Amino acid sequence: MEFKGFDKNFNITNRVAVVTGGASGIGKAVAELYIEKGAKVAIFDMKENVNEIAKEIDKENAVGIHCDITDNSSIDNAVEAVNDKFGRIDILVNCAGIALLDDAENISDDYWNKTIELNLTGAFKMSQKIGNVMIKQGEGGKIINMASQAALIALDNHVAYGTSKAGVIGMTKVLALEWAEFDITVNAISPTVVLTELGKKAWAGEKGEKAKREIPLGRFGYPEEVAAIALFLATDAANLITGENIVIDGGNTIK
Ligand SMILES: NC(=O)c1ccc[n+]([C@@H]2O[C@H](COP(=O)([O-])OP(=O)(O)OC[C@H]3O[C@@H](n4cnc5c(N)ncnc54)[C@H](O)[C@@H]3O)[C@@H](O)[C@H]2O)c1
Ligand SMILES: CC(=O)[C@H](C)O
């Protein structure tokens, strides 16, 4: 893709974004920021009230679609609904995820399988489906995958979660390589603990306080800070960045 300049206010006016897991936490913050920057947003989420949540963000430019991203027919129906509503898809943000934590010697098949199925396979299914939409459109695209610091460092009880997120980074690099010829960039974001429902549950109590003390910048992240990176990666300012994993962790993984 030739350099064609970029909007210095990082607007993404009229671009159509799909945000999985956008009914809460980081995904919701991404959806809100994208709307503020002029995009149209379709939130794919398992929460029953996903459309109400989307309409609270923006009645006209946001839509919530009940979708299980581990299920092919659910994805097909949701993508069709986006096409009916907005006519195209320019950006995919893979945010849906779970953290089912246990020690390696005891973790159940159920925890392992659910984690890989949602965090890794679900993100791949979405990327494959929407990657094909973008290829067919012929105008490039942006795919942004939520990985984690757990992909980069060993965290106690994170064997399934960390494995799924290391897979997300591997997947990101291969998709970036294969789809560069279509001007589709694919990048990952790896946050430290972020203060969402998922993050607060996984790091409650003294375990979290200790983890925070060990972060050089001394605090956990906020969903809005992660959303800011997802915005940058969705803009034309990031057109030469692909296959990267941007770490937002207060320096936790540099030690
Ligand atoms: N919060 C953290 O500390 C943290 C740190 C690093 C990475 N992450 C990653 O960021 C992403 C977002 O995390 P969060 O903290 O905002 O979590 P969250 O629990 O607040 O939000 C996750 C959303 O995913 C949705 N979801 C769950 N299963 C789904 C499915 N099958 N199909 C569609 N949607 C589904 C949930 O309904 C929920 O709205 C996750 O991938 C997570 O692994 C989170
Ligand atoms: C850091 C991280 O991704 C999990 C939530 O512990």
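Not measured: the values here are computed from a predicted model.

Peer 1: Would you mind going over the overall build of the protein chain with me for this structure?
Peer 2: Tallying secondary structure elements over the protein chain gives eight helices and seven strands in all. For the protein chain, the C-alpha radius of gyration of 17 Å lies close to 18 Å, the compact-globule estimate for 255 residues. Expressed as a percentage of its 255 residues, the buried residues of the protein chain come to 49%. Total accessible area computed for the protein chain in this model is approximately 12100 Å², and 50% of it derives from carbon and sulfur atoms.

Peer 1: Explanation requested: the site of ligand 1 in the structure shown.
Peer 2: For ligand 1, the set of nearby residues contains 26 residues, the closest of which are I26, D45, Y161, V194 and T196. Side-chain polar atom of D45 to an oxygen atom of ligand 1: 2.6 Å apart, as the coordinates give it. In this structure, an oxygen atom belonging to ligand 1 sits 2.6 Å away from a side-chain N or O atom of Y161. Expressed as a share of its isolated accessible area of 830 Å², the protein-covered part of ligand 1 is 92%. Going through the elements one at a time, α1 (25–36), α5 (159–179) and α6 (197–202) are the ones with two or more residues in the shell around ligand 1.

Peer 1: Help me out: how do you make sense of the site of ligand 2 in this one?
Peer 2: The local shell around ligand 2 consists of S148, Q149, H158, Y161, L198 and W203. Measuring from an oxygen atom of ligand 2, one finds a side-chain N or O atom of Y161 at 2.8 Å. Taken by itself ligand 2 offers 220 Å² of open surface, and the protein chains cover 95% of this. Grouping the constituent residues of the shell around ligand 2 by class yields three nonpolar, three polar and no charged.

Peer 1: Explain unusual backbone geometry to me, please; I cannot follow it from the model alone.
Peer 2: Outside of glycine, negative phi angles account for most residues, and trans bonds account for most peptide bonds. Here N157, not a glycine, exhibits a phi torsion of approximately 70°, which is positive. Exposure remark for N157: the relative accessible area of 25% places this residue in the partly exposed category. In this model, D183 sits at a positive phi of 60°, which is unusual for a non-glycine residue. Residue placement: D183 occurs in the loop between α5 and β6 (184–191). Owing to a relative accessible area of 29%, D183 belongs among the partly exposed residues under this scheme.

Peer 1: Would you take a moment to explain the nonpolar core for this structure?
Peer 2: Here is a general trend for soluble globular proteins: nonpolar side chains tend to be buried in one another's company. Counting 34 residues, the largest nonpolar core has V30, Y34, V41, I91, V93, I144 and I189 as its most contacted members. Going through the elements one at a time, β1 (16–20), α1, β2 (40–45), α2 (50–57), β4 (91–94), β5 (141–146) and α8 (223–234) are the ones with two or more residues in this core. Counting 29 residues, the second-largest nonpolar core is a separate cluster that includes V16, V79, L118 and M134.

Peer 1: Explain the packing of aromatic side chains to me, please; I cannot follow it from the model alone.
Peer 2: The relation between two aromatic rings is expressed through the spacing of the ring centres and the mutual angle of the planes. By the definition in use, this model includes one aromatic pair. Arranged with centres 5.8 Å apart and planes meeting at 45°, the rings of F10 and F232 form a pair that is tilted. Of this pair, F10 sits in the segment before β1 while F232 sits in helix α8, and the two are 222 residues apart along the sequence. Lying over the aromatic face of F6, K8 brings its terminal NZ or CZ to 5.9 Å of the ring centre. Just above the ring of W203 sits the side chain of K207; from NZ or CZ to the centre is 4.8 Å.

Parameters and conventions
Residues numbered from 1 in each chain as written. Chains lettered and ligands numbered in written order. Predicted model: local features only at pLDDT ≥ 70, side-chain atom pairs only at ≥ 80, totals over all residues. Heavy atoms only, no water. Helix = DSSP H or I, 4+ residues; strand = E, 2+ residues; numbered from the N terminus. Rg over C-alpha atoms; globule rule 2.2 N^0.38 Å. Buried < 20%, exposed > 50% of the residue type's maximum accessible area, 1.4 Å probe, protein only. Areas by Shrake-Rupley, 256 points an atom, 1.4 Å probe, with all protein chains shown as cover. Near = heavy atom within 4 Å. Polar contact = N/O pair within 3.5 Å; in protein donor to acceptor, adjacent residues only side chain to side chain. Nonpolar A, V, L, I, M, F, W, Y, C, P; charged D, E, K, R; others polar. Core = buried A, V, L, I, M, F, W, Y, C linked by side-chain atoms within 4.5 Å. Phe/Tyr/Trp six-rings, centres within 6.5 Å; stacked < 30°, edge-to-face > 60°. Lys NZ or Arg CZ within 6 Å of the ring centre and 35° of its normal.

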